[in-house]
Every structure is written in structure tokens, then in C-alpha cells.
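# Overview (structure and organization)
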Amino acid sequence: LNSFTPQVAVAPTGALTVTWYRGDPNITPGTSTVQAVSSAPTTYALTVAKTGDGQGTVTSAPAGIDCGATCTTNFLLSTRVVLTATPTSGSTFAGWSGAGCTGSGTCTVTLLAATTVTADFTIETPTPTPSPTTTASPTPTPTPTPTPAPTPTPQTDLTVNYATARSIPAGRTTALVRRVSSNGAIVGVRAGCTLKGNRLRQRVADRLCGVSVERTPAAQGRVRVTAHPSCSAGLRIYAVVHAKKKGVARTTWRNSWRVSARPPIICRVRGTG
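Here goes a summary of the coordinates provided.

Strand order in the open sheet formed by five strands is S14-S21-S20-S16-S17, and the pairing between neighbours is mixed. The strands lining the two open edges of the sheet, one partner per strand, are strand S14 (167-169) and strand S17 (198-199). Where S14 and strand S21 (residues 251-260) come together, three bridges link them in parallel fashion. Note on S21: the bridge partner recorded for Pro169 is Ser260.

As C-alpha cells, this is what we get:
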């Protein structure tokens, strides 16, 4: 007898059927079947274990695992199963372990034996609400300390009644200083003249300027300064008064007058100094 090559058929359920023939090879195979052997499909269990203090579900594609409720399902040999983990509100999926799966994405398992995959869910740590930033109170601007007004330096009062004209006539007597008053003592009175800015010797000054100083020795005595100039051109007469009160600074008054005449009278001197 001759034999044909076996024919293998796999049913949709996974059942395996092997058929072979023997007899005349010219005979139609459908009429010469002599033996057929069938075997039951091979399946393996896929189990999902959940760990951690969080909550969530694991589902599979193809369908079968919905863990939750169904965490173990049998799949045919060599079936490629994709597992997806979904955490519930308030939880976080931390990752896979087992069957070569890691990370927090999907887990793909090819069933060649009974397999267990672990999914770890943890409680989501809430993001702390930041404490409000305390606004610092502005530093008050210190009130500036007022600068005390300077204490005036005490001084001696001195009042002089004098000729206010800027010039005096030549050839006549003029009262330059008429009266002096002070809260202290009159400690000095002097008068003189200059010619074109040069100070004159006393003898020459007496002749050209005719200056006279009258005063009494008393502190508040009468003071009078007069002048009777004999020429005018370039001649100037001055007077100075000093007063001093005990314990305070001395006060000085001074003034000068130009001598005038029409026409100008030339001043003739032999020397200055």
C-alpha cells in the first residue's frame, strides 16, 4: 500500500485535526480516509496581580482580563496579549513587574506558559498648596530731626548817627558823626583821610582834612567827629567807631566820604605815609 502526506487542519476553536490516506493514490481521497486524529487546543492562564495602596483596573486585548472582577483568564498558546492599567481618581499607576514588563505604559505578553503580571497602584500625593507670601510691612520713614537754628553769636549793639551823604563840601565844616549809642562801652573812635588812596601823615592830614574828634571819657559819653577839608581833588575822609560789651564780641562801625568842590581844589602835599 502507498500512503499520502497527512493533511493538517486547525479549527477556529483551536482543535487540531490530522488526516492521512492510504490505498491507491489514484483513488479520490474523500473515499479513502482510513484514519483521523484530533487533539484538544493548548491554553495557558494569564494572571494579573495588583499591589500597592492605590486603586485601579487592568484590561486586556484580546478581551478576557478585566481586573477589577476578572484577574485570571486562559489564552491559546502563543497568543499576544496587551495589558492596560488605568488608575482610579486619587491613585497613580506606578508600573509593571513580571513577564518582562516594566514602566507605566502597556504590558505585552506572549503566552508560552502560565504567566503572572503584577500592576502596582499607589495613592496620589496631593500637591501642597503654597502658603501665601506674607507682604512685609513697609519700614516707616524716620522723621528727620530738624537741624537746630544756629545760636546767634552775642555781640555789642552799636548805633551811629552820621552824615549819610556820599560826599562833603571842601572849605566848610561838616559833622560826620553826630551821636553814638551802645549797650557796651565806646572803646575807640578815630578819623583820618586819604589822598588818591594813600594814607596821609598826621601833620598833612590835619592841614588838608581838618578832622576833629570830640568825646568824653565816660562809656556812654558824647562822640562827635567833624571835618573841614581845604581841598577836594582825590581827597577822602573816614571815621571808625568801636564798641564792646563785657563777655561778647566787639562791634565796629566805619564809613568814608568823598570831598567835592566846583571847580576841584588841588591838594598839595609834600609827602604821604
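Turning our eyes to something else, we now look at the state of the cysteines. Under the counting rule described, the total for this entry stands at four disulfides. Residue pairing for Cys231: its cysteine sulfur links by disulfide to Cys267, the two sulfurs lying 1.8 Å apart. As the torsion about the S-S bond is roughly 105°, the Cys231-Cys267 disulfide counts as right-handed. Linking Cys231 in the loop between strand S19 (223-227) and strand S20 (235-244) with Cys267 in the segment after S21, this pair joins segments that are 36 residues apart in sequence. Exposure remark for Cys231: the relative accessible area of 1% places this residue in the buried category. Classification of Cys267 as buried rests on a relative accessible area of 12%. Each disulfide in the chain links cysteines that, numbered along the sequence, combine into the pattern 1-2, 3-4, 5-6, 7-8.

In this section: unusual backbone geometry. Here the amide bond leading from Ala61 into Pro62 is cis, since omega sits at 5°, within 30 degrees of zero. Relative to the helices and strands, Pro62 is located in the loop between strand S6 (56-61) and strand S7 (66-67). Even without glycine at this site, Ser78 takes up a positive phi of about 70°. Structurally, Ser78 can be placed in the loop between strand S8 (72-76) and strand S9 (80-87). By relative accessible area, which is 44% here, Ser78 ends up partly exposed.

Reading the values: the criteria
Residues numbered from 1 in each chain as written. Predicted model: local features only at pLDDT ≥ 70, side-chain atom pairs only at ≥ 80, totals over all residues. Heavy atoms only, no water. Pairing = 2+ DSSP bridges. Helix = DSSP H or I, 4+ residues; strand = E, 2+ residues; numbered from the N terminus. Disulfide = S-S within 2.5 Å. Buried < 20%, exposed > 50% of the residue type's maximum accessible area, 1.4 Å probe, protein only.

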